[in-house]
Amino acid sequence: MKKEFLYNCLVEVKNKVAITNKNATSQRTLFKQRFSFSSLSKSEQLIVWDYIWNNSSDFWVSMQSFLFLEKNMKDKYFLVESWETIKNWQNKVDNWGRCDALSKIYTKILEIIPDKVLEQLKKWNKSKNLWDRRQSLVSLLYFSRTKKTILPYETIVPFVSRLIDDKEYYVQKGIGWTLKELYRVYPNKTLKYIEKNAKRISAIAFSAATEKLTKTAKERLKEIRKSKPLIL
């Protein structure tokens, strides 16, 4: 596609977003009204939306690109074919909204081609960029209830362990999110992990990680966190 055409598509989306209320409901309504290029094939539209995602700093404009992916989440063939393109969308992530929007897409592709996606998540897990590290966590499970296939506990927990002492707030929020969702599907193993690491888990992560625990279990963990180490 010619750059002039892609640029014009970007301008069209920018202009329509600009006159639309900046909230999720209004922006979803805008997307459903379609754009001048919405009749193109999915692969051609992806080229357009890829250009828009990578060439706009406006959050709501980028969310229109996300809505295109979300609309096609049930098309497994399209998702697999799109992976090599949209995994690079992570490079433009600079806030939790963009990060977690992509998590919703990445976690779905993870179910289809786990080896390829895990390879990328491992790279992000070791990245110097905090949003990459958050992505490596949240994409593992996202909301576990939405997933038909869950990775083994033993595959997921090393991602958490490598970042358990991370200093970044949003990474710690990702730790808490992941442990909470991990508890939903592997309650016994996850509870033992939280108990073992009770003093290492930050207050930020602990709050979310223990959200679904029983009151008794939560109180026990709080006591472990308060206790002083034995001096031998």
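See above for the structure.
Residues numbered from 1 in each chain as written. Predicted model: local features only at pLDDT ≥ 70, side-chain atom pairs only at ≥ 80, totals over all residues. Heavy atoms only, no water.

(A) How the structure looks around unusual backbone geometry. Even without a glycine there, the phi angle at Arg 34 is positive, about 75°. Tracing the backbone through its elements, the reader meets Arg 34 in the loop between helix 2 (24-32) and helix 3 (42-54). Taking the relative accessible area as the measure of exposure, Arg 34 reaches 42% and is therefore partly exposed. One non-glycine residue with positive phi stands out, namely Tyr 142, at about 50°. Relative to the helices and strands, Tyr 142 is located in the loop between helix 8 (130-141) and helix 9 (153-163). The class for Tyr 142 is buried, based on a relative accessible area of 13%. (Helix = DSSP H or I, 4+ residues; strand = E, 2+ residues; numbered from the N terminus. Buried < 20%, exposed > 50% of the residue type's maximum accessible area, 1.4 Å probe, protein only.)

(B) Main features of helix 1 (residues 3-18). For helix 1, which comprises 16 residues, the first-to-last C-alpha distance of 22 Å matches the rise-based estimate of 22 Å (1.5 Å per residue) to within 8%. Buried residues of helix 1: Leu 6, Cys 9, Leu 10, Glu 12, Val 13 and Val 17, and no others. Along the axis of helix 1, the buried residues cluster in a sector spanning 160°; they form a single face. What points out from helix 1, more than 90 degrees from its buried face, is the exposed set Glu 4 and Ala 18. (Expected span 1.5 Å × (residues − 1). Arc of directions from axis to C-beta.)

(C) Focus on the nonpolar core. Formed by 69 residues in total, the largest nonpolar core has its most connected members in Trp 49, Trp 89 and Leu 179. A per-element tally of this core places helix 6 (residues 96-112) first, with 7 residues. Other than its neighbours up to four places away in sequence, Trp 89 contacts Leu 46, Trp 49, Asp 50, Trp 53, Asn 54, Ser 65, Phe 66, Leu 69, Leu 102 and Tyr 106. (Core = buried A, V, L, I, M, F, W, Y, C linked by side-chain atoms within 4.5 Å. Contact = heavy atoms within 4.5 Å.)

(D) Structural view of the environment of Asp 166. Along the polypeptide, Asp 166 turns up in the loop between helix 9 and helix 10 (169-185). Each C-alpha atom of the pair Asp 166 and Ile 201 lies 9.9 Å from the other, and the pair is 35 residues apart in sequence. Excluding anything up to four places from it in sequence, Asp 166 contacts Arg 133, Val 171 and Gln 172.

(E) Main features of the environment of Ser 26. Looking at where Ser 26 falls in the secondary structure, it is placed in helix 2. Spatially, the C-alpha atom of Ser 26 lies 24 Å from that of Thr 146, the residues being 120 residues apart in sequence. With near-sequence residues (within four places) excluded, Ser 26 lies in contact with Thr 20 and Asn 21.

(F) Representation of the packing of aromatic side chains within the structure. Inspection of every chain in the model, using the stated rule, returns 16 aromatic pairs. A centroid spacing of 6.1 Å and a plane angle of 45° characterise the contact between Phe 31 and Trp 49, whose relative ring orientation is tilted. Linking Phe 31 in helix 2 with Trp 49 in helix 3, this pair joins segments that are 18 residues apart in sequence. Like Trp 49, Phe 31 is buried. Residues Phe 35 and Phe 37 carry aromatic rings whose centres are separated by 5.6 Å and whose planes lie at 5° to one another, so their mutual orientation is stacked. The exposure class assigned to Phe 37 is buried, which follows from its relative accessible area of 1%. (Phe/Tyr/Trp six-rings, centres within 6.5 Å; stacked < 30°, edge-to-face > 60°.)

(G) Main features of a nonpolar patch on the surface. Together, Trp 96, Tyr 169, Tyr 170 and Ile 204 line one region of the surface with nonpolar side chains, adding up to about 390 Å² of accessible area. Within the secondary structure, Tyr 170 sits in helix 10. (Patch = residues over 30% accessible without salt bridge, like charges linked within 9 Å, V, L, I, M, F, W, Y side chains within 5 Å. Areas by Shrake-Rupley, 256 points an atom, 1.4 Å probe, with all protein chains shown as cover. Salt bridge = Lys/Arg side-chain N within 4 Å of Asp/Glu carboxyl O.)

(H) How the structure looks around the packing of helix 5 (residues 76-86) against helix 6. The N-to-C vectors of helix 5 and helix 6 enclose an angle of 115°; their axes lie 10 Å apart at closest approach. Remark: the crossing between helix 5 and helix 6 carries left-handed chirality. Seen from helix 5, the contacting residues are Lys 76, Leu 79, Val 80, Trp 83 and Ile 86; seen from helix 6, they are Ile 105, Tyr 106, Lys 108, Ile 109 and Ile 112. Per-class residue counts for the contact of helix 5 with helix 6 are 8 nonpolar, no polar and 2 charged. (Axes fitted to C-alpha atoms, helices over the stretch in contact; angles between N-to-C directions. Left-handed = near helix turned anticlockwise from the far one by under 90°. Nonpolar A, V, L, I, M, F, W, Y, C, P; charged D, E, K, R; others polar.)

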